[in-house]
Amino acid sequence: MVPALFALTLLVALTLPPWTSRLSAWLVGGAIVVVAAVVTWVNPTWSMAPKPATGIHVAARGWLIGLTTAVTTIGFLVLGLVAPAVVASHWLPAQPATVAAERVYRVGTSGGQHVVFPVQGGRVDARYAGGVLGADPTAGTRFAYDPAEPEHIMIDSQFRAGRGVLLHVAIAVGLAMVLWCLTVGVSSAARRRAALRALVTDTIVEVGPAVSGKRQVAFAGGRRHTYAATPELDALLRGRGDS
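Peer 1: Mind laying out the packing of helix 5 (residues 165-201) against helix 6 (residues 231-240), listing which residues take part and the relevant values?
Peer 2: With their axes 10 Å apart at the nearest point, helix 5 and helix 6 run at an angle of 35° to one another. Packed against helix 5, whose contacting residues are Ala198, Leu199 and Val200, the element helix 6 presents Leu233, Leu236, Leu237 and Arg240 at the interface. Looking at the contact of helix 5 with helix 6, its residues break down into 6 nonpolar, no polar and 1 charged.

Peer 1: Any chance you could break down the sheet that holds strand 4 (residues 122-127) for me, citing the residues and the numbers?
Peer 2: In spatial order, the strands read 2-3-4; together these 3 strands make up an open sheet with antiparallel pairing. Looking along the sheet, the strands with just one partner apiece sit at the ends: strand 2 (103-106) and strand 4. Sheet twist, expressed as the mean angle between neighbouring strand axes with direction ignored, is 20°.

Peer 1: Account for the environment of Val165, with residues named and values stated.
Peer 2: Among the secondary structure elements, Val165 is positioned in helix 5. Judged by its relative accessible area of 53%, Val165 falls in the exposed class. Along the primary structure Val165 and Val86 are separated by 79 residues, whereas in three dimensions their C-alpha atoms are 9.4 Å apart.

Peer 1: Describe unusual backbone geometry, listing the residues and the values that go with them.
Peer 2: Here the phi dihedral of Gln120 falls at roughly 50°; this positive angle occurs in a residue that is not glycine. For Gln120, the position within the fold is in the loop between strand 3 (113-119) and strand 4. Accessibility expressed as a relative area gives 82% for Gln120, which makes it exposed. A positive phi angle, near 55°, is found at Ser212, a position not held by glycine. Tracing the backbone through its elements, the reader meets Ser212 in the loop between strand 7 (204-207) and strand 8 (214-219). A residue is classified by how much of its surface remains accessible, and Ser212, at 73% relative accessible area, is exposed.

Peer 1: Break down the pattern of salt bridges for me, with residues and values.
Peer 2: One pass over the structure, following the stated rule, counts 5 salt bridges. Notably, a salt bridge pairs Asp234 with Arg215, separated by 3.3 Å at the nearest N-O pair. Taken together, the positions of Asp234 in helix 6 and Arg215 in strand 8 put the pair 19 residues apart, joining distant regions of the chain.

Peer 1: Explain helix 5 to me, and be specific about the residues and the numbers.
Peer 2: Over its 37 residues, helix 5 extends 53 Å from the first C-alpha to the last, a length consistent with the 54 Å expected when each residue adds 1.5 Å. For helix 5, the full list of buried residues reads Leu166, Ala170, Val173, Gly174, Met177, Val184, Ser188, Ala195, Ala198 and Leu199. Buried-residue contacts for helix 5 involve helix 3 (62-91), helix 4 (156-162), strand 8, strand 9 (224-228) and helix 6.

Peer 1: Account for the pairing of strand 7, naming residues and giving values.
Peer 2: Pairing of strand 7 with strand 8 involves 3 bridges; the strand directions are antiparallel. Counted as the bridge partner of Val207 is Val217 from strand 8. Counting the residues between successive antiparallel strands, the hairpin from strand 7 to strand 8 contains 6 residues, one of them, Ser212, with a positive phi of roughly 55°.

Peer 1: Residue-level account of the sheet that holds strand 9, with values.
Peer 2: Backbone-to-backbone hydrogen bonds pair the strands of a sheet. The strands run either parallel or antiparallel. The strand order 7-8-9 describes an open sheet built from 3 strands, whose pairing is antiparallel. In the strand order of this sheet, the two ends are held by strand 7 and strand 9, each with one partner. If you compare each strand with its neighbour and ignore which way they point, the axes differ by 30° on average. Contacting strand 8 and strand 9, helix 5 runs over the sheet at an angle of about 95° to strand 9. Contacts from helix 6 reach strand 7, strand 8 and strand 9 within the one sheet, and its direction differs from that of strand 8 by about 25°.

The rules behind these values
Residues numbered from 1 in each chain as written. Predicted model: local features only at pLDDT ≥ 70, side-chain atom pairs only at ≥ 80, totals over all residues. Heavy atoms only, no water. Axes fitted to C-alpha atoms, helices over the stretch in contact; angles between N-to-C directions. Helix = DSSP H or I, 4+ residues; strand = E, 2+ residues; numbered from the N terminus. Contact = heavy atoms within 4.5 Å. Nonpolar A, V, L, I, M, F, W, Y, C, P; charged D, E, K, R; others polar. Pairing = 2+ DSSP bridges. Buried < 20%, exposed > 50% of the residue type's maximum accessible area, 1.4 Å probe, protein only. Salt bridge = Lys/Arg side-chain N within 4 Å of Asp/Glu carboxyl O. Expected span 1.5 Å × (residues − 1).

Here it is, written out as structure tokens:
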């Protein structure tokens with residue numbers, strides 16, 4: 001959960017438009033502090049918080065962990081592609097002014113992308129909100145900008161996409177990720193409760209051998225649960241005496 005929240009915060013920081021660089025820095029810095037605090041709290045070596053240590057654990061489902069990792073990785077990648085345009089377009093007014101670029105250039109090999117354009121008899125040189133989708137702009141490309149804050153500027157086609165199809169993609173992918181993680185979390189918690197309760201209340205009919213650090217136990221009624229093979233589990237099973 002903590003790595004996922006940190007990754008989400010980092011994604012948000014990376015997709016904010018360039019005129020919010022201070023906010024991005026605060027987000028990343030705050031996320032680092034929160035992660036460090038949580039890790040310190042849960043680490044038994046560093047923390048004085050009491051931790052249960054029964055030694056009996058439900059075995060993790062490797063296939064589900066792998067599938068969840070794939071789903072969230074793909075989801076973050078898609079959001080990373082579409083979010084810059086979506087976020088920047090909603091930072092601008094719904095009806096921004098548009099202007100043709102006089103010059104588009106990049107500062108250094110890894111610097112920001114800048115555009116020079118005329119505004120009210122003068123010229124503005126601003127770093128514009130870029131995106132990985134679409135062709136690089138050139139002189140003559142139309143840009144959308146906030147008349148009250150001319151340095152808030154992005155490519156007009158990306159503005160329209162960010163308020164249209166890319167917004168729908170971001171919402172769909174974000175909801176799919178949230179629903180998947182909630183479903184996995186709820187089902188895993190229910191599975192864990194049922195498996196631990198069965199060790200106490202259900203009749204054991206068969207105990208399988210320890211394989212790859214896991215042991216499967218069959219209960220009356222045809223139910224089976226897989227646990228981490230630990231000495232504490234073996235002691236509990238011997239104490240039950242009904243297998």
